[in-house]
Amino acid sequence: MAFGSHTRLDVRRPQYHSSFCSPSTAVAVFVALALVAVWMVSSTLVAPADFSPFHPTTRPSQSPPSTAPMDRHPPPVNQQQPAQEEDANEPPPVTQPGVDQHTELPDNGSQSQPTDNPPAAAETGTQAELLTETTTESDRGSWSTQAAGSNKDTHKQQQQQQQTAAPSNWKLCNTEAGPDYIPCLDNLQAIRKLRTTKHYEHRERHCPQDPPTCLVPLPEGYTSPIWWPKSRDQIWYNNVPHTKLVEYKGHQNWVKVSGEYLTFPGGGTQFKHGALHYIDFIQEAKKDIAWGKQTRVVLDVGCGVASFGGYLFDRDVLTMSFAPKDEHEAQVQFALERGIPAISAVMGTKRLPFPSRVFDVVHCARCRVPWHIEGGKLLLELDRLLHPGGYFVWSATPVYQKLTEDVEIWEAMSTLTRSMCWEMVNKVKDRVNRVGIAIFRKPTDNSCYEGRSAANPPICGEYDDPDAAWNISLQSCVHRLPTDPAIRGSQWPEEWPLRLEKPPYWLKNSEAGVYGKPAAEDFQADYEHWKQVISNSYMNGLGIDWSAVRNVMDMKAVYGGFAAALRGLKVWVMNVIPIDSPDTLPIIYERGLFGVYHDWCESFSTYPRTYDLLHANHLFSKIKKSDRCKLVAVMAEVDRVVRPEGRLIVRDSMETIHEVESMVKSLHWEVRMSYSQDNEGLLLVQKTMWRPNEVEAKLPLS
C-alpha cells in the first residue's frame, strides 16, 4: 500500500502577486472557491449539522539550524517515500464525496512546512467518528483488559496522585545510569532490597513508586542519528559510547569501532559470516518457514545487537528482539540506534508482555537462557507465545558440540521438548558458519497432550488465562490448544500481506468492536480511517520529512490501523496497548504487526532517545482521569524516549491539547502544528537539543 500520490485539498494560503487580476490567478481563485464550496456541501452530507470544519492555529515553524552530518542528508525526492508493488488484494482507495481526486499538495521535500498549510480539511464525517472511543469502563462487552488480569498480590497499587502542572524549572536526573537511565530497570533502591537474584529478578522491572519527573541528560557529543538504511551498518559512536561488546564480541563481527562510528558487519555469535546467509540457511532447513509469507512476526530471544532482526527486514519479516540490560552493555540501545526494533526485557520470574499464540517463529542463537532447568518453565513461556504449528529455532552449542555439558543439556532439552509435544523437524549443521540449528514445531491440536504417559509438564488449569501477561508469574504448565475453529489460534494467519488488511476470522460481527460497530466492521472502519488520516494529513500536511523517521511508537494502538496505514514507508511501529484499554493486541499480531502491553503510569522498557516519532490518540485525556498517573510524569517519559529532533503527534480533547502544549513548551519543544474542530484537536511538536543546567538532588540509597 504505497502512498505515491495522495488525495488532497490544496488549502494553502494564496500567494499574492502584483498583477492580482491576471487571468491565471482568476482561474485559480475560481477553482479554489469551487472546491471549497463542493467540500462544504459534501461535509453536510456526511456529518451532523453542527460539525464544523477544522480551524488551524498557526505557529512559527522555522526549522532549527541543522547539525546533521553530510551523510544524513535524505535521498533524492523520488526515493523519499519508496513505493511497493501494488497488492492484488489491496482494496481500492477510499474516496470522499465532493473531493477532487486529482488535487494534491506538491511535495517540496522540506523537513518542515509552514504551519499556515493545515492538514487537509476533509477529515470530517465518518472519519471523525473514530476520533474518540465510544466504549467506557462499564461498556466494554466481552473486551478484557490486562489490568483486570494482573496479579493482585504482586501488583502494588500506587496511592491516588493529584494532577500537577509542569514544573517551573525542569532538572536533570541524578542517577548512576546517567544518559542511559531507564527508571524501571535502574531502580537501585528496589534492586538492592531483593532477597535473591537467582532468577534474574534484578534485571526485571522495579518501577519507582513515584515516577520521575526529571530529564535525562544527553551523552557528550550527541548528534542527530544516521538515517535508515545506512544506520543498519553504522551509527555515531558518541550517541552510544560503549565498547564492552566491541571487546567481547568483535571477533564475531557484532560491532566494531571505526573512527567516529560504530560499525555493524552483520555478524553474530552463530553467524560470523553474515545474517543473510544464516537466515537463508534456516529456511533451507525448513522450507515451511517461508520468510515473508507464512512467517511474518518473529521473536528473537537474547538478540545481541539485533542483526538477525535487522536483516530479516530484507525478507519482509518483522522481528521483536529483546535482551536484558546487563553486562553486555547497550545491546538493545545499539539495536534501536540502528533502527531495529528491540525492548529491554529478561526471561526471569514474569511472563513477557505479549499475548498468547502470536509469534510465527521464536529464535534463540546462543541466547544464554537455561531452557532445560526447573521443569522447563522458561521454554513453556515460549510455548505460550508460539502459534500452534509455529517453530522454535535453537542455534546453540548443545545442538552441535560434543562436550560433556553440551551433551547433557541436549539430552535434557530433547526430553523436555518431547514432554511438551514439540516435534523436532530438523537438526542440521551449517558448513559456512560451522554451527548447528535444531528446529522444533509446536503441535496444532491436543491429541499429543492427551496421549502422554505422564502429564509432566501438567496442563494449565482453567483459571490460568494464557493471554494474561502483565505482571503475571511464570507457570510450569502447558496450555491446551483451541479446538473451536472460530477461536483465535485454531488456524494459521493469512499469508502476508493479506493478513494486514483482512479482519481476523475470529472477529465476530455478533460482538461489538472497540468503537461500537460490529467487530469486523469496526476493524475495517478503523483501517479506512487511518489510511485517510495518513494520506490526507500526516504525509504532507504536517511538514514531516518521513525519510528521517524510522522508529515509531503508537502509544494507544487499538487495532493497529495507524501502523498498517504506514506500511508503504520504511518505518516500523511499536504498537502499545495500555493495560486498562480493551485487549486488542492479539488482533495487531494477527495482521502481521507487533506490540506490547504497557502501563503508562510507569516508564517504558527502552533506552532514552530511541524513537523518532510518538503518536498519542486520545491517550493523555485518559491518563488524566487515572487516580494513579501524573500527566507531568508521562510527559517526562515522552521526553526521555524521543530522540532530539523527534516528534510527538497528539490527537485529543482541546483541554488536554492545551495542557500538553503548555508542558512541551516548558520542555523547550517546538510547536509545529495545532488545529481544532469543536472540542477535538491535533498537536504536532518537535523535541530540541535543550537540556536544563540544574541537576536534581540525588536520592539516598537505603
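Now for a look at the structure at hand.

Reading guide: rules and limits
- Residues numbered from 1 in each chain as written.
- Predicted model: local features only at pLDDT ≥ 70, side-chain atom pairs only at ≥ 80, totals over all residues.
- Heavy atoms only, no water.
- Disulfide = S-S within 2.5 Å.
- Helix = DSSP H or I, 4+ residues; strand = E, 2+ residues; numbered from the N terminus.
- Buried < 20%, exposed > 50% of the residue type's maximum accessible area, 1.4 Å probe, protein only.
- Pairing = 2+ DSSP bridges.
- Polar contact = N/O pair within 3.5 Å; in protein donor to acceptor, adjacent residues only side chain to side chain.
- Core = buried A, V, L, I, M, F, W, Y, C linked by side-chain atoms within 4.5 Å.
- Contact = heavy atoms within 4.5 Å.
- Phe/Tyr/Trp six-rings, centres within 6.5 Å; stacked < 30°, edge-to-face > 60°.
- Lys NZ or Arg CZ within 6 Å of the ring centre and 35° of its normal.
- Axes fitted to C-alpha atoms, helices over the stretch in contact; angles between N-to-C directions.
- Parallel < 35°, antiparallel > 145°, perpendicular 65-115°, else oblique.
- Left-handed = near helix turned anticlockwise from the far one by under 90°.
- Salt bridge = Lys/Arg side-chain N within 4 Å of Asp/Glu carboxyl O.

**Here's the deal with the state of the cysteines**
Here, disulfide denotes a covalent bond that connects the sulfur atoms of two cysteines.
Then comes step 1: Scanning all chains against the criterion turns up six disulfides.
Then comes step 2: Residue C173 pairs covalently with C214 via a disulfide, S to S 2.0 Å. As the torsion about the S-S bond is roughly 95°, the C173-C214 disulfide counts as right-handed. You can see C173 sitting in the loop between helix 3 (146-149) and helix 4 (188-191) and its partner C214 sitting in the loop between helix 4 and strand 2 (234-236), a full 41 residues away along the chain.

**A few points about the pairing of strand 15 (residues 611-617)**
Then comes step 1: The element strand 15 is extensively covered by neighbouring structure, given that seven of its seven residues are classed as buried.
Then comes step 2: Pairing of strand 12 (residues 551-554) with strand 15 involves three bridges; the strand directions are parallel. Opposite M553, over in strand 15, you have L614 as the bridge partner.
Then comes step 3: In the sheet, strand 15 pairs with strand 16 (residues 642-653) via six bridges, with the strands oriented parallel. Paired with Y611 across the bridge in strand 16 is V642.

**Some thoughts on the environment of S666**
Then comes step 1: As for its placement among the helices and strands, S666 is situated in helix 19 (residues 654-666).
Then comes step 2: Judged by its relative accessible area of 22%, S666 is partly exposed.
Then comes step 3: With 496 residues separating them in the primary sequence, S666 and W170 have C-alpha atoms 8.1 Å apart.
Then comes step 4: A polar contact of 2.9 Å, which involves the side chain of S666, links it to the side chain of W170.

**Considerations on the nonpolar core**
Then comes step 1: Within the largest apolar cluster, 131 residues are counted, with the highest numbers of intra-cluster contacts made by V301, W371, F392, W394 and F620.
Then comes step 2: In this view, W394 contacts C364, W371, V399, I409, W410, M413, G436, I437, A438 and F440; residues no more than four positions away in its chain are not counted.
Then comes step 3: Core analysis: the next-biggest nonpolar cluster, separate from the first, contains 20 residues, Y278, F281, I289 and Y311 among them.

**Here we look at the packing of aromatic side chains**
Then comes step 1: According to the stated counting rule, one finds 20 aromatic pairs in the structure shown.
Then comes step 2: Aromatic pair W236 and Y261: ring centres 4.8 Å apart, planes at 20°, arrangement stacked. In this pair, W236 is assigned in strand 2 and Y261 in strand 4 (residues 261-263), connecting sequence segments 25 residues apart.
Then comes step 3: Judged by its relative accessible area of 17%, Y261 falls in the buried class.
Then comes step 4: Ring geometry for F392 and W422: centres 5.6 Å apart, planes at 50°, overall tilted. Here the residue F392 occupies a position in strand 9 (residues 386-395), and W422 occupies one in the loop between helix 11 (404-419) and strand 10 (423-430), the gap between them amounting to 30 residues. W422 carries the same exposure label as F392, and that label is buried.
Then comes step 5: Members of the aromatic cluster, joined through ring pairs, are W371, F392, W394, W410, W422 and F440.
Then comes step 6: The side chain of R296 reaches across the aromatic face of W496, ending 3.6 Å from its centre.
Then comes step 7: Here the guanidinium or amino end of R550 rests over the ring plane of W228, the centre of that ring lying 3.6 Å away.

**Focus on the packing of helix 18 (residues 631-641) against helix 19**
Then comes step 1: Direction vectors running N to C along helix 18 and helix 19 enclose 55°, while the axes themselves pass 11 Å from each other. In terms of axis orientation, helix 18 runs oblique to helix 19. Handedness of the helix 18/helix 19 crossing: right-handed. From helix 18, L631, V632 and M635 reach across to helix 19, where they touch E659, V660, M663 and V664.

**A closer look at the side chain of S581**
Then comes step 1: Mapped onto the fold, S581 is located in the loop between strand 13 (572-578) and helix 16 (585-590).
Then comes step 2: A polar contact of 2.9 Å, which involves the side chain of S581, links it to the side chain of K622.

**Considerations on the pattern of salt bridges**
Then comes step 1: Tallying each qualifying case throughout the model produces 26 salt bridges.
Then comes step 2: Residue D464 pairs with R351 through a salt bridge whose shortest N-O separation is 2.7 Å. Placement of the pair is D464 in the loop between helix 12 (447-451) and helix 13 (498-501) and R351 in the loop between strand 7 (342-344) and strand 8 (359-365), with a sequence separation of 113 residues.
Then comes step 3: Overall, R351 belongs to the buried group, its relative accessible area being 7%.
Then comes step 4: Across the pair E528 and K531 runs a salt bridge whose closest N-O atoms are separated by 3.4 Å.

**Some words on the sheet that holds strand 10**
Then comes step 1: The seven strands lie next to each other as 7-6-5-8-9-11-10, forming an open sheet whose pairing is mixed. The open sheet has two edge strands with one neighbour each: strand 7 and strand 10. Between one strand and the next, the sheet's axes are offset by a mean angle of 20°, whatever the strand orientation.
Then comes step 2: Pairing of strand 5 (residues 297-301) with strand 6 (residues 318-323), which is carried by five bridges, proceeds in the parallel orientation. For V297, the partnering residue across the bridge sits in strand 6 and is L318.
Then comes step 3: Strand contacts of helix 11: strand 9, strand 10 and strand 11 (435-441), with the helix running at about 175° to strand 9, the strand carrying the most contacts.

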